[in-house]
Amino acid sequence: GQSLEQPSEVTAVEGAIVQINCTYQTSGFYGLSWYQQHDGGAPTFLSYNALDGLEETGRFSSFLSRSDSYGYLLLQELQMKDSASYFCAVRVLNTGTASKLTFGTGTRLQVTL
Amino acid sequence: DSGVTQTPKHLITATGQRVTLRCSPRSGDLSVYWYQQSLDQGLQFLIQYYNGEERAKGNILERFSAQQFPDLHSELNLSSLELGDSALYFCASSVARATGELFFGEGSRLTVL
């Protein structure tokens, strides 16, 4: 099976930078995704890393180290609207050539004034 | 708006009953995924279909079944409902068979009384 660990809650101040870490244990690993979910809303795709390194998309960046089974999501210039839950998800081999996306339990980010 | 449509948005039913949740993927997307999210829990992968065929299977109970029709819409059937089946059921879609980027619908909130 797969296991993913991420902090359950993080609090940061508006305008600051926050890093949400994700460690995983799995076989048949293909890549790491990040999703944002506001209360009562649908998960929204943020990023996907298949290779080691940093991917930047606006205020959000995502990092992956396959050798360390570790990744993080970096949010810069935090805004109040960034208050949400953030999920890491691993794309892993399911059966045959099929893969599946398995989600962690999420990190609730609260941005304060 | 992700372009993924789920109906109904809310559903209240009794234990032992059967319900059907419907999902229309984004135009052009061939893959449909079903996820279950219980209160304060992560997203549990249930099943994936690609172009009408079952592609990957997760922790889907035997009381649950799904299918994808020729027009690519999908239905998730939940039978012999139990209180613990109360959850948000999300459908997601993607163009590719295997990807870390999924587009989620707004979900169907099922309450079993």
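Below you will find a few notes about this structure.

Rules and cut-offs
- Residues numbered from 1 in each chain as written.
- Chains lettered and ligands numbered in written order.
- Predicted model: local features only at pLDDT ≥ 70, side-chain atom pairs only at ≥ 80, totals over all residues.
- Heavy atoms only, no water.
- Contact = heavy atoms within 4.5 Å.
- Buried area = accessible area lost by both parts, 1.4 Å probe.
- Salt bridge = Lys/Arg side-chain N within 4 Å of Asp/Glu carboxyl O.
- Polar contact = N/O pair within 3.5 Å; in protein donor to acceptor, adjacent residues only side chain to side chain.
- Helix = DSSP H or I, 4+ residues; strand = E, 2+ residues; numbered from the N terminus.
- Buried < 20%, exposed > 50% of the residue type's maximum accessible area, 1.4 Å probe, protein only.
- Pairing = 2+ DSSP bridges.
- Axes fitted to C-alpha atoms, helices over the stretch in contact; angles between N-to-C directions.
- Core = buried A, V, L, I, M, F, W, Y, C linked by side-chain atoms within 4.5 Å.

**Quick word on the interface of chain B and chain A**
Facing the 19 residues of chain B at the interface are 19 residues of chain A. Regarding the contact of chain B and chain A, the summed buried area is about 1,600 Å², with carbon and sulfur atoms giving 55% of it. Contact with chain A buries area across many residues of chain B, yet Leu-43, Arg-55 and Gly-100 of chain B alone supply 29% of it, more than any other trio. Taken together, the connections running from chain B to chain A amount to 0 salt bridges. Across the chain B-chain A interface, the total number found is 5 residue pairs in polar contact (both at pLDDT 80 or more). At the level of elements, strand 4 (31–37), strand 5 (43–50) and strand 6 (53–57) of chain B are the ones that each hand at least two residues to the side of chain B that touches chain A.

**A closer look at the side chain of Ser-33 of chain A**
Position of Ser-33 of chain A relative to the elements: it lies in strand 4 (residues 29–37). A residue is classified by how much of its surface remains accessible, and Ser-33 of chain A, at 0% relative accessible area, is buried. Within the structure, Ser-33 of chain A has its side chain in polar contact with the backbone oxygen of Gly-100 of chain B (distance 2.8 Å). Ignoring any residue separated from it by four or fewer positions in sequence, one finds Ser-33 of chain A in contact with Phe-45, Ser-47, Tyr-48, Phe-87, Cys-88, Ala-89 and Leu-101 of chain A together with Gly-100 of chain B.

**A word on the sheet that holds strand 3 (residues 18–25) of chain A**
Residues and elements named next belong to chain A. Spatial strand order, 1-3-8-7-6: 5 strands in an open sheet with antiparallel pairing. Unpaired on one side and paired on the other, strand 1 (3–5) and strand 6 (53–57) mark the two borders of the sheet. Within the sheet, the average angular offset between the axes of one strand and its neighbour, ignoring direction, is 15°.

**Points about the nonpolar core**
Counting 23 residues, the largest nonpolar core has Leu-32, Trp-34, Leu-75, Tyr-86 and Leu-109 of chain A as its most contacted members. Top contributing element to this core by residue count: strand 9 (residues 84–93) of chain A, with 5 residues. Listed in part, the 20 residues of the second largest apolar core include Cys-23, Leu-46, Ile-60 and Phe-64 of chain B.

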